[in-house]
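Single-letter residue listing:
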Amino acid sequence: MTNASFSVDNRHREALAPIATPDRLLLGPGPSNAHPTVLDALARTPIGHLDPLYVELMSEVQELLRYAWQTDHRLTLPMSGTGSAAMEATIANTVEPGDTVLVAIKGYFGLRLADMAGRYRADVRTIEKPWGEWFTLEDLEAALIEHRPTILAMVHAETSTGVCQPMEGVGDLCRQHGCLLLLDTVTSLGGVPLYIDEWKVDLAYSCSQKGLSCPPGLGPFTMGPRAEEKMSARKDKVPNWYLDVSLLNKYWGSDRVYHHTAPVNMNFGMREALRLLAEEGLDNSWARHRRNAERLWSGLEELGLSMLVPTDRRLPTLTTVRIPDGVDGKAFSLHLLNQHGIEVGGGLGVLAGKIWRIGLMGYNSTPENVDRLLNLFETELPRFSGSLAAAA
Ligand SMILES: *Cc1c(COP(=O)(O)O)cnc(C)c1O
């Protein structure tokens with residue numbers, strides 16, 4: 001018998017212990033906790049990605065996704081990858097070099113859209129709002145007239161600021177001005193009223209780990225007929241093999257031709273997550289998210305805290321709370337994590353150090369979770385304000 005050339009020494013002992021992860025309550029901007037039924041589905045023995053039973057499950061996932069998004073779009077499927085993969089898929093498939101892409105930026109994820117469009121050699125134009133604000137129809141119309149884009153890209157639920165962008169009328173404007181509407185619905189799908197067809201959204205994407213109660217790993221994607229037409233008229237191949245929807249549709253459509261090995265267990269989980277959403281009913285899920293967010297908002301206000309975003313534009317899935325003057329926000333969230341097993345997010349970019357971001361998404365949107373967190377804000381936060389912290 002030959003000996004392995006590297007022996008296990010003390011440095012490796014820790015790495016060889018069976019995995020031990022804590023049961024955290026994830027009340028940050030994502031990932032969110034997965035539903036136990038979804039976790040059970042993930043732990044099942046994989047089946048072949050061309051097994052007739054798996055093929056049937058793929059159709060169920062597509063049908064349930066169409067329901068969750070309120071769309072009849074034929075090309076609706078989960079990309080193998082996180083939300084950013086699905087984001088990139090919307091751009092990679094439709095943008096041709098030189099196309100004018102207008103990105104409405106009001107937070108971190110708008111910036112990412114602009115970065116991606118530039119990498120596919122779009123002529124990227126931007127309009128910006130301060131973080132915490134949103135666009136009016138007048139803002140958008142003026143920009144469409146000025147820039148004459150082929151695509152308007154924007155974020156419905158801006159996770160970096162907690163703002164819900166009003167979408168009524170935006171799709172009609174885009175049609176009047178002859179451009180496609182691309183919408184990031186990562187933090188809205190499942191938790192916030194969202195109507196892809198009624199709003200005339202041509203391209204949208206989301207992720208598995210926020211409102212859908214699944215671990216990260218899949219990025220739902222949908223493309224309507226107008227976007228499909230633009231994709232079909234491309235002069236060159238889609239410059240991204242993995243995310244090429246025309247190739248992927250040969251697997252997800254009726255041909256069932258191998259493209260890449262589907263992450264079958266993730267799709268088991270997605271199927272269950274979407275089934276649970278359909279069982280609850282979209283309207284009920286939206287109402288639950290709203291109810292629990294309102295419970296959080298009023299509880300925080302009773303404690304003297306204030307929200308960044310006015311009530312009528314707040315996301316029920318993600319609340320941004322101002323860190324009071326003199327409070328070390330980072331120390332408090334580390335305390336919640338280390339002493340109480342609860343994750344709460346901090347601010348990004350210009351909002352770093354100024355806000356906490358509290359997510360109540362999917363399975364995590366419950367009154368019990370809200371009360372548990374409010375209780376900790378009430379009892380523990382005073383220890384983190386400057387004067388008290390110094391005295392302690
Ligand atoms: C989380 C998020 C993304 C990116 O999704 P990943 O799953 O992290 O790749 C994109 N847009 C918004 C609005 C998000 O909140």
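If you're wondering where the values come from, they're calculated on a predicted model, not measured in any experiment. (Residues numbered from 1 in each chain as written. Predicted model: local features only at pLDDT ≥ 70, side-chain atom pairs only at ≥ 80, totals over all residues. Heavy atoms only, no water.)

Below, the discussion takes up the domain arrangement of the chain. Segmenting the chain into domains produces domain 1 (25-31 + 281-391) and domain 2 (36-279). If you look at the interface, domain 1 gives 27 residues, while domain 2 gives 32 residues. Summing both partners gives a buried area of about 2400 Å² for domain 1 against domain 2, and 69% of it is carried by carbon and sulfur. Taken as a group, L282, W286 and R313 account for 30% of the area that domain 1 buries against domain 2, more than any other trio of residues on that side. Scanning the region where domain 1 abuts domain 2 turns up zero salt bridges. The tally of links from domain 1 across to domain 2 stands at 12 residue pairs in polar contact (both at pLDDT 80 or more). Of all the elements in the fold, those that place two or more residues in the side of domain 1 that touches domain 2 are α11 (282-302), β11 (318-322) and β14 (355-359). Here the side of domain 1 that touches domain 2 takes four residues from α11, the largest share from any one element. Considered class by class, the residues forming the side of domain 1 that touches domain 2 number 16 nonpolar, eight polar and three charged. (Domains from an automatic or database assignment. Contact = heavy atoms within 4.5 Å. Buried area = accessible area lost by both parts, 1.4 Å probe. Salt bridge = Lys/Arg side-chain N within 4 Å of Asp/Glu carboxyl O. Polar contact = N/O pair within 3.5 Å; in protein donor to acceptor, adjacent residues only side chain to side chain. Helix = DSSP H or I, 4+ residues; strand = E, 2+ residues; numbered from the N terminus. Nonpolar A, V, L, I, M, F, W, Y, C, P; charged D, E, K, R; others polar.)

Time to look at a negative patch on the surface. Together, D72, E168, D197 and E198 give the surface a local cluster of negative charge. Among the secondary structure elements, D72 is positioned in the loop between α3 (52-69) and β2 (75-80). On the accessibility criterion, D72 (67% relative accessible area) is exposed. (Patch = residues over 30% accessible without salt bridge, like charges linked within 9 Å, V, L, I, M, F, W, Y side chains within 5 Å. Areas by Shrake-Rupley, 256 points an atom, 1.4 Å probe, with all protein chains shown as cover. Lys, Arg positive; Asp, Glu negative; His and termini not counted. Charge placed at Lys NZ, Arg CZ, Asp CG, Glu CD. Buried < 20%, exposed > 50% of the residue type's maximum accessible area, 1.4 Å probe, protein only.)

Okay, the site of the ligand next. Taken together, 14 residues surround the ligand, and among them T82, S84, T159, D184 and K210 come closest. At 2.6 Å, a side-chain N or O of D184 approaches a nitrogen atom of the ligand. Bound to the protein, the ligand loses 90% of the 380 Å² it would expose on its own. Secondary structure elements with two or more residues in the shell around the ligand: α4 (83-94) and α5 (108-119). Residue classes in the shell around the ligand are distributed as five nonpolar, six polar and three charged. (Near = heavy atom within 4 Å.)

As a further point, take helix α13 (residues 367-380). With 14 residues, α13 extends 20 Å between its outermost C-alpha atoms, agreeing within 8% with the 20 Å of an ideal straight helix rising 1.5 Å per residue. Residues of α13 that are buried include every one of N369, V370, L373, L374, L376, F377 and E380, and no others. In an axial view of α13, the angular spread of the buried residues amounts to 160 degrees, which keeps them on one side of the axis. Against the buried residues of α13 lie β1 (25-26), α11, α12 (329-340), β12 (342-343) and β14. (Expected span 1.5 Å × (residues − 1). Arc of directions from axis to C-beta.)

What the rule picks out here adds up to nine aromatic pairs. These aromatic residues form a ring-pair network of at least three members: F332, W356, F377 and F384. Against the face of W297 rests R314, its NZ or CZ located 4.9 Å from the ring centre. (Phe/Tyr/Trp six-rings, centres within 6.5 Å; stacked < 30°, edge-to-face > 60°. Lys NZ or Arg CZ within 6 Å of the ring centre and 35° of its normal.)

Now for the pattern of salt bridges. A complete count under the given rule lists 19 salt bridges for this structure. Measuring nitrogen to oxygen at the nearest pair gives 2.9 Å for the salt bridge that ties R125 to D123. Since its relative accessible area comes to 30%, D123 is described here as partly exposed. Each of the salt bridges in this network shares a partner with another, and the network as a whole consists of E60, R271, E272, R275 and E279.

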